[in-house]
Amino acid sequence: MTTKNLIIAGLGLLVLGGCGDKGGDTANSGATPGASAGVNKGESMDIAVIPKGSTHDYWKHVKMGANDAGKELGVNIIFNGPEKEDDKQSQIAMMETMISKGVKGIVLAPLDYDALAQPIEDAVKQGIPVVIIDSGVKTDKYLAMVSTDNENGGKIDADEMIRLLGGKGNVAILRYQAGSASTDAREKGFLDEIKAKAPGIKIVSENQYAGATRETAAKASENLLASYRKADGSLNLDGIYTPNESSTYGMMTVLQQNHWAGKVKFVGFDAAPELIDGLKKGDINALVVQDPLRMGHDGVKVLVEYLRTKKEGPKMEDTGATLVTKENMDKPEVSKLITPATE
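Described in the following lines is the structure provided in the data block. Model, not experiment: these values are computed from the prediction.

All chains considered together, the criterion is met by 2 aromatic pairs. For the pair Y58 and W59, a centre-to-centre distance of 4.7 Å together with 90° between the ring planes defines the contact as edge-to-face. Ring geometry for F190 versus Y241: centroids 4.0 Å apart, planes at 0°, classification stacked. Taken as a pair, F190 in helix α6 (residues 181-197) and Y241 in strand β8 (residues 239-241) lie far apart in primary sequence, 51 residues in all. On the basis of relative accessible area, F190 is assigned to the buried category, the value being 0%. Stacked on the ring of F269, the Lys or Arg R186 has its end atom at 4.1 Å from the ring centre.

This part is about unusual backbone geometry. Residue D134 is not a glycine yet carries a positive backbone phi of 75°. For K310, which is not glycine, the phi torsion reads 60° and is therefore positive. The topology assignment puts K310 in the loop between α10 (292-309) and β11 (316-318). Since its relative accessible area comes to 16%, K310 is described here as buried.

Reading across from one edge, β7-β6-β8-β9-β10-β12 is the order of the 6 strands in this open sheet, with mixed pairing throughout. Two strands in the sheet have a free side with no partner beyond their single neighbour: β7 (201-209) and β12 (322-324). The sheet shows a mean angle of 20° between the axes of neighbouring strands, direction not considered. With 3 bridges joining them, strand β6 (residues 169-175) and β8 adopt parallel strand pairing. Looking at the pairing, A172 lines up with I240 of β8. Packed on one face of the sheet, helix α8 (residues 245-257) meets β6, β8, β9 (265-269) and β10 (286-289) and runs near 150° to β9.

What follows deals with empty space enclosed by the protein. Taken as a whole, this structure holds 1 cavity of 30 Å³ or more when the rule is applied. Each pocket or cavity is described by its volume, and for the largest cavity that value is around 110 Å³. Along the walls of the largest cavity sit 15 residues, with W59, E85, R186, N244 and D270 positioned nearest its centre. Elements with a minimum of two residues in the lining of the largest cavity: α2 (57-73) and α6. Considered class by class, the residues forming the lining of the largest cavity number 3 nonpolar, 6 polar and 6 charged.

Rules used in this analysis
Residues numbered from 1 in each chain as written. Predicted model: local features only at pLDDT ≥ 70, side-chain atom pairs only at ≥ 80, totals over all residues. Heavy atoms only, no water. Phe/Tyr/Trp six-rings, centres within 6.5 Å; stacked < 30°, edge-to-face > 60°. Helix = DSSP H or I, 4+ residues; strand = E, 2+ residues; numbered from the N terminus. Buried < 20%, exposed > 50% of the residue type's maximum accessible area, 1.4 Å probe, protein only. Lys NZ or Arg CZ within 6 Å of the ring centre and 35° of its normal. Pairing = 2+ DSSP bridges. Axes fitted to C-alpha atoms, helices over the stretch in contact; angles between N-to-C directions. Contact = heavy atoms within 4.5 Å. 1 Å grid on protein atoms, 1.4 Å probe; cavity = no way out; pocket = protein on both sides within 12 Å on 5 of 7 lines; lining within 4 Å. Points joined across faces, edges and corners; volume = space filled by probe spheres on them. Nonpolar A, V, L, I, M, F, W, Y, C, P; charged D, E, K, R; others polar.

Structural data, given as structure tokens:
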């Protein structure tokens, strides 16, 4: 039988499985998160893992985790994502490609809250279950979500900012980009926590966006900080918050170039090697870091376990958020979260 015929036959089996096997109940809706036929432990299967992007160190850790799970579970991992984290059309096209290939399941980090909902539902209709990681999406048809509690991550950063400023001062936020559910939640958590716990802190800017790359983030940082430059060249700001790797890197670069680094309290998110270096130098005061290795690993594990047993587990798995400072970064439990990716 040719490869083409094998694929066609496999897709036919998926459709038949969708007609006869309803799987377990899905929380909130009762919908089936994918009705592909059960897969025996020894049977080979292709699992697609589609991240938001492919350049940030964060996604390299996700890939490492997914590949580790693939080796442990004996499945083939197809890892492919857009180059930039603002290319939702490419991510939609990748979803369509994986559906047409008849992969057994998909692990997806939705790049856009609204735009990726339909592709997820399309996959499920074809009997291909989807586990989402990192970020939420406007559908409940996925099997499970494996992610940081992003709103709580924003609150952790806010609590550290409150501590650093003694509960008073002017703080600016450089947001990431509209439509990103994970960073929207972090920004909300930060703002809500400041409002609830520190009335003496004034948020002087919260409507500027970094964009998807380090380059756009640096430009946005320059524009934002120009408004707060005093006549003597210093900044009329006490604190700055950024919610992801690229926005934190772009802001750090501008602070360093203008000799403002270390003179304003700066808390950010994620653990790229350059950001850890900035933390060591005192250019960044604190970072909230995630566990992308676990996220990639457990996203695949949850999916494969469902495919093999047809039993659903919890709808949500929180992979944790940790505050990293210069003082605690060498502790073993923290150090493992900030080690650079090796692939």
